[in-house]
Structures are given as C-alpha cells and as structure tokens.
Amino acid sequence: MTSTATDNLRSQIRGSVITPGDPGYDQARSVYNAMHDRRPAAVVRCVDAADVIAAIRFAREHDLPLAVRGGGHSVPGFGTCDDGLVVDMSGIRNVHVDPAERTARAGGGATWGEFDHATHGFGLATTGGIISTTGVAGLTLGGGIGYLSRAFGLSIDNLLGADVVTAEGRLIRASDFQHEDLFWALRGGGGNFGVVTSMEFQLHPVDTIVGGPLFYEVDDAAAVMEFYQEYVERAPEELGMFFAWQIAPPLPFIPEDRVGDLFCVMVTCWAGAPEEADAVLKPFYDVAPVKAQHVGPMPYPALNSAFDGLVPAGLQHYWKADFVRDLTADAIAAHVDHGKRTPVVNSTMHLYPINGATQRVGPEDTAFGHRDKKFAAVIAGMWPDRADNEANTAWVKEYYEAIHPHSGSEGGYINFMAGDDGGRVEANYGRNYQRLARVKAAYDPDNVFALNQNILPAR
Ligand SMILES: Cc1cc2nc3c(=O)[nH]c(=O)nc-3n(C[C@H](O)[C@H](O)[C@H](O)COP(=O)(O)OP(=O)(O)OC[C@H]3O[C@@H](n4cnc5c(N)ncnc54)[C@H](O)[C@@H]3O)c2cc1C
C-alpha cells in the first residue's frame, strides 16, 4: 500500500489503521493460533459501522484480500492474511442487556467472557462457548455449541437479528422480518456474507449452575463413553456435558502424585433446579471410580472460563472435526486407542452433545444442517512449541482417520475445521449448501469475504 493510500484510509477511519513499521504492528497482526505468522498490509481497528464500511470499500477499491477478525480464535487463522486488509472488530465489543425483554445485543468484536459477564449480572445467559476469550460473532456465525445447547439450542437458535455490513458497503439488518434469506444464511454460514457489527440474542434465566469436571482412569474410558452415549439420550435437557481427554494439570483438586497423568473427563453443567443437581449428576459417580473432581455450585461464567488457563493465546493449533450419528463400539475403541496417546496437556478431543433443543430446530430452518447428529467431535491439537508441529499434527490426523469411518456423517462443524479442510465445506452444510451458494451470490457475488470456510457464489 502506498503512503498516499494509507493516508487516505486513515482519513476515513475513526478507529486506528496499523501498518508495517507502526508501533504495535506485531501485536495487531497476531492471532490466537501462533502457527499463522502473517503480515497484512493494514489492520483496521474499527470502532463503528462507518469504519467497517470504509474499510471494506477501501479493500475493494485497492483489490486487497480482506480478513475479518472478531475474537481472533479461528484455528485456520482466517482473522489475518498476508498483504491484505484486516477488519479487526475488537473495538466494537459493548454488550447491552435488556433484562425486561431478556435480550442482549453484543458488538461484533465482543468475546463470550464479556457477554457472560454482562448477562450474568441479571441472572441471564444464552448458549455460548466454553472458553471466555472466544469471539461471540465468529462462534455464533458457525452455529455455536456450548453447555446450554441441550437446553436452549445452538447460539444461532437464540439469535434474533444482526446488523451486517455487506460486500458493497451497505449496513443492513437481518432478522426474521428483514433480509430473511441473509438471516437464514448467517445462522451457520460463517463469515461468508458480510461483517456483523452487532448481534441480538434471546436470553434465559441461568444464574448459578452446578457442574465441573470429573476425572476417570483411562482404563475406564470405554465404559464412560458408553455411559455418556446412553445418558445423553435420557438426561434432562438442562444438563450440559462433554467428554474430554485431559492430562492432569497441577490444580488443587488433582492428587499431587497424579499430576501429568492422562485421564478421561466428563465436564458437567446442570442449569436446572439446584435441588435436582445431586440426582442428575449421580450417574457420573456410578459409572466408574472418580479419581478427581471439581463439581459444585458456581456462577455460569465461572464454568465458561474454567479452562481458559489450559488454552492461552500463542499456542500452535491444528484441529479436525466430525459430526457423529452414534458412538459405535468400533468408534469407542478408536477413541480409546488414539486418546491414550494425547501428547500434551493442552491437546484434547472433545465430544459435545448436539441433541435436545438443538434438534427441535429443523435441519433446513437455519444453515446449520446437521441437526440429526448426536455429537460434534473435535480433535483439538494445541501445543506450545513450533518444533513439535509435525508430531502433534500427525496425532490429530491419525486420530481423525481412525474415528471418521465410524461417524456416520461426512461433515464436521465448520468452526472446528482445519485450514486444509476447504474441500469439506459442502459436506459440512449438506443439503443446505446450494441455498447458501444462492444467498452468497445475492450478497457477495464477487466473493469479497473469501477468507473463511468458503461458500462459492452460485452461478
Ligand atoms: C480455544 C477455543 C475454544 C473454542 N470453543 C468453542 C465452543 O465452546 N463452542 C463452539 O461452538 N466453538 C468453539 N470454538 C471454535 C470457534 O467457534 C471458532 O474458532 C470461531 O471462528 C471463533 O470466532 P472468533 O470471532 O473468536 O474468531 P476470528 O478468528 O476472529 O473469526 C473467525 C471467522 O469468523 C468470522 N467472523 C468473526 N467475527 C466476525 C464478524 N464480526 N462479522 C463477520 N464475520 C466474523 C470471520 O469469517 C472470521 O474469519 C473454540 C475455538 C477455540 C480456539
């Protein structure tokens, strides 16, 4: 970018424009997954929709690649690029709660930690991510799986509307009543359709939950998985839970002599009546001996940030994902075989349930098509040292190759996919893909928003 072009851009932006050589450039270009060491021509820290409009128009006029960043957590590094323009939404992160209507409006750069804090003040919450630093917008646009999915559906099932700057630089509102086709596509279609400056959500009364992790021996993992598969079918929907592999970190509730050992873990979140918690959680204590646990009443935001320390910014990430129809005996055997080799404390496989309220929304009612699957699996390779990239990436790939034939599904959750999974995008949407391609053609025919799990405009 010439200095004249940069000056021109700066003159239109109320936030900041950070270019190579500026103080803070290295910090501004960095994203959560340290594997992506890219050098954009400019990072535009937008503070309002007018900034977003100016940035998009500028990128188009100068034929620059355009990356959009909310919380910065994209594992494939979609929130940055080489030689292009980054629309950084971190300057638009206010969360406004309307307790009477039980709704909240979040800026396009807000994180779930900010969202949960703002709504918890009123004893309210909605389905969001389990790590507080993840962006509300990026997570929601792909679907949004969390502890409350069984009770209240995906994050998109609670989305009431969104303000979007389109590829031609127009601010429009998408909801059930305006730009309905765009609203349908935004609910699962990722960042393909525009830059979201704010999102409005339905909230629910969720205040103190009862939950936390229970650690079991790896030798009991098959029994725990069989129990999970069975319990998830009949447990009350206010129970959120997921299975994980976890090398025990040095925490007060882990026996000192077990720190560094691998366990399988069920993480629980009971959001129903507190007096029912013991009965609902009892089966987790019956399935196998619990070797360590940290289960009890806690504020919902506390559980939603409890694992932040395991996944600080700056790790190397490589992930793979699958939707799972049923956990077959062969699938469980493959999980145990590869789970046992979990290489580092940060790496894991999570198996999230997507039944309950999630399945009461039709598979074609939103762009998120896989409503008939029981689980979303993610093999999340996360490790500190770049020198270990090959070994850790291999663990993820081999684990995925072993479980995928048993998934009963071709697609995976787009927010958990790797950068080399571009070829799976169509499968990720299943029968909704063609409709998404038509909406893409209507709102972004030139594919300006291409740095994402990309949907090509229908021709
Ligand atoms: C540690 C960790 C924990 C996670 N936990 C969960 C979880 O519990 N549940 C779950 O469902 N997913 C989870 N994810 C996956 C997460 O949903 C995706 O990584 C998501 O893309 C992150 O959004 P972001 O805004 O933080 O990321 P970014 O990198 O900022 O954005 C990713 C992409 O989303 C789009 N996007 C972001 N903001 C906007 C915006 N304002 N307007 C338009 N497009 C936008 C863009 O295409 C962008 O490239 C997790 C990821 C990580 C790394």
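Since this is a predicted model, take the numbers as computed values, not measurements.

Caption draft 1: Quick peek at the site of the ligand. Every one of the 32 residues lining the ligand counts as a neighbour, but G70, G72, G135, I145 and Y413 are closest to it. Starting from 940 Å² of accessible surface for the ligand in isolation, the protein chains cover 97%. When contributions to the shell around the ligand are tallied by element, the ones reaching two or more residues are β3 (66–69), α5 (136–142) and β10 (195–202). Per-element tally for the shell around the ligand: the top contributor is α5, with four residues. For the shell around the ligand, the residue count by class is 16 nonpolar, 15 polar and one charged.

Caption draft 2: Inspection of the environment of N8 at higher detail. With respect to the helices and strands, the residue N8 is situated in helix α1 (residues 3–12). Here Q12 takes part through its side chain, which lies 3.1 Å from a polar atom of the side chain of N8.

Caption draft 3: View of the packing of α1 against helix α3 (residues 49–61). Contact geometry of α1 with α3 gives a least axis separation of 9 Å together with a crossing angle of 155 degrees. Taken together, the axes of α1 and α3 lie roughly antiparallel to each other. Judged by the sense of rotation from one axis to the other, the crossing of α1 with α3 is right-handed. For the pair α1 and α3, the contacting residues are A5, N8, L9 and Q12 in the first and D51, A54 and F58 in the second. Its residues assigned to classes, the contact of α1 with α3 comprises four nonpolar, two polar and one charged.

Caption draft 4: Representation of the pattern of salt bridges within the structure. Summed over the entire model, instances satisfying the criterion amount to 30 salt bridges. As a salt-bridge pair, E114 and R93 come within 2.7 Å of each other at their nearest N and O atoms. Highlighted residues: E114 in helix α4 (residues 112–120) and R93 in the loop between β4 (85–88) and β5 (95–98), separated in sequence by 21 residues. By relative accessible area, R93 is classed as partly exposed at 35%. D163 is the salt-bridge partner of R105, the closest N and O atoms lying 3.1 Å from each other. Here R105, found in strand β6 (residues 103–107), pairs with D163, found in strand β8 (residues 159–165); they are 58 residues apart in sequence, far enough to count as distant.

Analysis parameters
- What you see as residue numbers is a count from 1 along each chain, following the sequence as written.
- pLDDT decides what is reported in this predicted model: residues at 70 or higher carry local features, side-chain atom pairs at 80 or more are listed and counted, and totals for whole chains, interfaces and linings draw on all residues regardless.
- Side-chain numbers come from the whole structure's heavy atoms, not from hydrogens or water.
- If even one non-hydrogen atom of a residue comes within 4 Å of a molecule or strand, that residue is called near it.
- With residues, only the protein chains shown are counted as cover, and all accessible areas are computed by Shrake-Rupley using a 1.4 Å probe.
- Helix numbering and strand numbering both begin at the N terminus, where a helix is a DSSP run of H or I of at least 4 residues and a strand a DSSP run of E of at least 2.
- Only Asp, Glu, Lys and Arg are considered charged, only Ala, Val, Leu, Ile, Met, Phe, Trp, Tyr, Cys and Pro nonpolar, and every remaining residue, Gly among them, polar.
- Here a polar contact is taken to be a pair of N or O atoms separated by no more than 3.5 Å, where protein atoms must pair a possible hydrogen donor with a possible acceptor and residues adjacent in sequence count only if both atoms sit in side chains.
- Each axis is a line fitted through C-alpha atoms, and for a helix only the stretch in contact is used; angles between axes span 0 to 180 degrees, taken between their N-to-C directions.
- Orientation is classified from the angle alone, with under 35 degrees giving roughly parallel, over 145 giving roughly antiparallel, 65 to 115 giving roughly perpendicular, and any other angle giving oblique.
- A crossing counts as left-handed when the near helix is turned anticlockwise from the far one by less than a right angle, and as right-handed when that turn is clockwise.
- Throughout, a contact is declared for two residues whenever any of their heavy atoms are within 4.5 Å.
- Each reported salt bridge corresponds to a side-chain nitrogen of Lys or Arg within 4 Å of a carboxyl oxygen of Asp or Glu.
- Residue exposure (1.4 Å probe, protein chains only): buried if accessible area is under 20% of the type maximum, exposed if over 50%, otherwise partly exposed.

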